[in-house]
Amino acid sequence: MKKLFGNTLFSGIDAVILVALNLFATPILIRSLGTAEYGVFVFLSIFSTYGLLSFFDLGMEGSLLNYVARYEAAEESSKIQDSLSVAILYYGGIGILLGGALFFLADTITARFIDESGLLNRNDVLLASKIISLNVFIQFLTLPFNAVLQGLRRFVITKSMNSLLMILQYIGLITVVIYFKEISTAFLVILCITSLRLALLIFITRFRTSHFKNMRFRIRSDIFRSLFSYSSILLVSRIIGIIFNQMDKFLIWLFLATTQMAVYDIVVRPANLIRLLITTVNSAIIPEVAHLHEKGDKQKIRELYIRLVRYTYLLMLPIILMLFVWMHDILTFWVGSELASNFNLAWIILTVYLLSPIGAVASTMAVGLELVKKVLWISIVASIINVTLSLSLLPIWGLAGLLLATLCAELFMAVPYYSFMKKTVDLKIRQLIFPIIWLFGLALPFTGVALLVWRFYSMKPYVWIPAVALLTALHYFMHYRLLLDDEERRYLLAKLRLGKAVPILSSEVKV
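First, a word on scope: everything that follows refers to the structure included in this document. (Residues numbered from 1 in each chain as written. Predicted model: local features only at pLDDT ≥ 70, side-chain atom pairs only at ≥ 80, totals over all residues. Heavy atoms only, no water.)

A word on the overall build of the protein. When its secondary structure is counted, the protein shows 20 helices and zero strands. Put simply, the protein has 511 residues, and 57% of those count as buried. Sequence-distant contacts in the protein: of pairs separated by 6 or more residues, those separated by 24 or more amount to 84%. Put simply, the protein shows about 22400 Å² of open surface, and 67% of that area lies on carbon and sulfur atoms. (Helix = DSSP H or I, 4+ residues; strand = E, 2+ residues; numbered from the N terminus. Buried < 20%, exposed > 50% of the residue type's maximum accessible area, 1.4 Å probe, protein only. Contact = heavy atoms within 4.5 Å. Areas by Shrake-Rupley, 256 points an atom, 1.4 Å probe, with all protein chains shown as cover.)

Okay, the nonpolar core next. Formed by 160 residues in total, the largest nonpolar core has its most connected members in Leu64, Phe187, Ile274, Tyr305 and Met365. Apart from the residues within four sequence positions on either side, Phe187 is in contact with Phe41, Leu44, Ser45, Ala128, Ile131 and Ile132. By size, the runner-up hydrophobic cluster in this structure holds five residues, among which are Leu65, Ile286, Val367 and Leu376. (Core = buried A, V, L, I, M, F, W, Y, C linked by side-chain atoms within 4.5 Å.)

With respect to the helices, strands and loops of the structure, His328 is situated in helix H12 (residues 298–335). Judged by relative accessible area, His328 falls into the partly exposed class, the value being 33%. Along the chain, His328 and Ser458 lie 130 residues apart, while their C-alpha atoms are 9.1 Å from each other. His328 has contacts with Ala340 and Phe343, leaving out every residue within four places of it along the chain.

Axis separation between helix H16 (residues 372–397) and helix H17 (residues 399–425) bottoms out at 7 Å; the angle between their running directions is 160°. As far as their axial angle goes, H17 and H16 are roughly antiparallel. The two elements H16 and H17 meet at a crossing, and its hand is right-handed. Residue classes in the contact of H16 with H17 are distributed as 22 nonpolar, five polar and one charged. (Axes fitted to C-alpha atoms, helices over the stretch in contact; angles between N-to-C directions. Parallel < 35°, antiparallel > 145°, perpendicular 65-115°, else oblique. Left-handed = near helix turned anticlockwise from the far one by under 90°. Nonpolar A, V, L, I, M, F, W, Y, C, P; charged D, E, K, R; others polar.)

Here helix H3 (residues 60–73) contains 14 residues, and its C-alpha end-to-end distance of 20 Å stays within 8% of the 20 Å for a straight helix at 1.5 Å per residue. Of all the positions in H3, only Met60, Glu61, Gly62, Ser63, Leu64, Leu65, Asn66, Tyr67, Val68, Ala69, Tyr71 and Glu72 are classed as buried. Where H3 ends, the next residue or the one after it, Glu75, has phi of about 60°, a positive value. (Expected span 1.5 Å × (residues − 1).)

Of note, Gln139 is situated in helix H6 (residues 122–151). Owing to a relative accessible area of 6%, Gln139 belongs among the buried residues under this scheme. Discounting chain neighbours no more than four positions away, the residues touching Gln139 are Ser48, Thr49, Tyr50 and Thr194.

This part takes up the packing of aromatic side chains. A full pass over the atoms with the stated rule returns 16 aromatic pairs. Here the aromatic rings of Phe343 and Trp347 are separated by 5.1 Å at their centres, their planes lie at 90°, and the arrangement is edge-to-face. You can see Phe343 and its partner Trp347 sitting in helix H14 (residues 343–355), four residues apart, about one turn around the helix. Look at Phe343 and you get partly exposed, because its relative accessible area is 21%. The exposure class of Trp347 is partly exposed, given its relative accessible area of 34%. Ring geometry for Trp377 against Phe412: centres 6.4 Å apart, planes inclined by 80°, an arrangement best described as edge-to-face. Of this pair, Trp377 sits in helix H16 while Phe412 sits in helix H17, and the two are 35 residues apart along the sequence. Given a relative accessible area of 45%, Trp377 falls into the partly exposed group. (Phe/Tyr/Trp six-rings, centres within 6.5 Å; stacked < 30°, edge-to-face > 60°.)

Inspection of the entire model under this criterion finds three salt bridges. Here Lys79 makes a salt bridge to Glu76, at a shortest N to O gap of 3.7 Å. (Salt bridge = Lys/Arg side-chain N within 4 Å of Asp/Glu carboxyl O.)

Attention now moves to helix H15 (residues 357–368). Counted at 1.5 Å a residue, the expected span for H15 with its twelve residues is 16 Å, and the 17 Å between its end C-alpha atoms agrees. A large share of H15 lies buried, amounting to eleven of its twelve residues. Within the sequence span of H15, burial applies to Pro357, Ile358, Gly359, Ala360, Val361, Ala362, Thr364, Met365, Ala366, Val367 and Gly368. Backbone geometry just after H15 places Glu370 at a positive phi near 60°.

A cluster of nonpolar side chains, namely Phe250, Leu254, Phe255 and Leu391, defines an oily patch on the protein surface of about 380 Å² accessible area. The leading source of residues in the nonpolar patch is helix H9 (residues 221–255), at three residues. Summarising the element assignment, Leu254 is placed in helix H9. (Patch = residues over 30% accessible without salt bridge, like charges linked within 9 Å, V, L, I, M, F, W, Y side chains within 5 Å.)

Interaxial distance between helix H2 (residues 35–44) and helix H10 (residues 258–282) falls to 7 Å at its minimum, and their mutual angle equals 70°. Classed by the angle they form, the pair H2 and H10 counts as roughly perpendicular. Crossing handedness for the pair H2 and H10: left-handed. Contacts between H2 and H10 pair Thr35, Ala36, Tyr38, Gly39, Val40, Val42 and Phe43 from the former with Thr258, Thr259, Met261, Ala262, Asp265 and Arg269 from the latter. In terms of residue class, the contact of H2 with H10 is built from seven nonpolar, four polar and two charged.

A few words on the environment of Val177. Note on placement: Val177 falls in helix H7 (residues 155–180). Taking the C-alpha atoms as reference points, Val177 and Ile28, 149 residues apart in sequence, are found 8.5 Å from one another. Discounting residues that sit within four places of it in the chain, Val177 has contacts with Leu29, Ser32, Leu33 and Ala186.

With that out of the way, let us pick up unusual backbone geometry. Phi angles above zero are rare outside glycine, and Lys181 is one such case at about 55°. With respect to the secondary-structure elements, Lys181 resides in the loop between H7 and helix H8 (183–207).

A word on a positive patch on the surface. Together, Lys374, Lys422, Lys423, Lys428 and Arg430 give the surface a local cluster of positive charge. Along the chain, Lys374 falls in helix H16. Residue classification places Lys374 among the exposed residues on the basis of a relative accessible area of 56%. (Lys, Arg positive; Asp, Glu negative; His and termini not counted. Charge placed at Lys NZ, Arg CZ, Asp CG, Glu CD.)

A few words on the side chain of Ser379. Secondary-structure assignment places Ser379 in helix H16. A polar contact of 2.9 Å, which involves the side chain of Ser379, links it to the side chain of Tyr417. (Polar contact = N/O pair within 3.5 Å; in protein donor to acceptor, adjacent residues only side chain to side chain.)

Structure below.
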């Protein structure tokens, strides 16, 4: 499991860099563009392979991760090459269709914003929309290379490259927005970075990966059928992911003022830190589980699930605790008192992610286990709950209604996902719950201390900022000392090169 730890570690570094860049850039973008323009920027950003258009991946990325990992375990390099060939043709076609559609629908997409406010520059918004259409095409071409490399468990390469490119992207964004104060120039920077990402991925795949040294571009119908048959199953999961992650922005665009898009982005951004932690823990699961599933090792899959849920809470609880207590002060310090007045909305979305690890890890493992069909009903019902409540509560409570709908859907999913893991890998409830109980128990005294500091020093950033940093660091240290066993501590130190690099892995799964 050395490769899994390294892959997860570099995914974590990539996530931390992304969060830091987002936090740093957001107030600059708001001040330079204005609240309404920033809302437009947030909405137009969903037209990407990471946002609304991830639906049109049609589940192929997950299918590639699964099958490429299996082909590598079976040492079938020719099938890995053929999978890449099929995927390039597949994604290229989708990119052309979607990029063209966005180009010709630019007027329709931006009309909602233009009609609402005369303050927005019509030509600038339209140009930004057309730049996005080209960016979408190039983004889709990056997907097959990225998916194949991750299927080969080369996360260190993909995540390191992504971190460097994101740093360049945000430097460019901040520079052009301060100087030009135009949305279109911001998206032009994103287009340049996307093009550079594609060039680097092609180079790495062709010249730095042994499986493609004698690459032949060949379209095999049997490979396409295998990939597409599994991707069609994952398609429903893609739709559900879009409903949970992008539907709120679409409803805001449809029913609320542009400024509410900016408010929504600000209140969910702190919780996105938690979302990224969960995503980081899950990032390398699919190829690893597919590898274990190919070997029929149910015990290690069960141990892996228990550990990943526990490690997710180990990582997220100290941060969630401080965000709950200090949310108003953090938002005020970050974006100013006007936007920070909506801090109570951020509590709702924090609660959503506090409940999500059990289901998030299980649903991701289901892809590697090729059991997506067995869990689809859970997400489908949760999506119906989310959509129905969102449409019902939005007219009554506005943004709070949207977030409460998401919370209700998340509450529903926890029990059936546990039941799925119980049946699939013989999981006992005590194996999963007891470690989590200890984690929450340890969090109580830190919550009390944080509330005391907040009570007396909430208006003094020079006091509360160091206090929050110190309490969070101490909380993590206590997790390390009290909630990791000796073997886990030695392994962690060894992998971080802070201890002796000795072979300590037993038959148990280590992350």
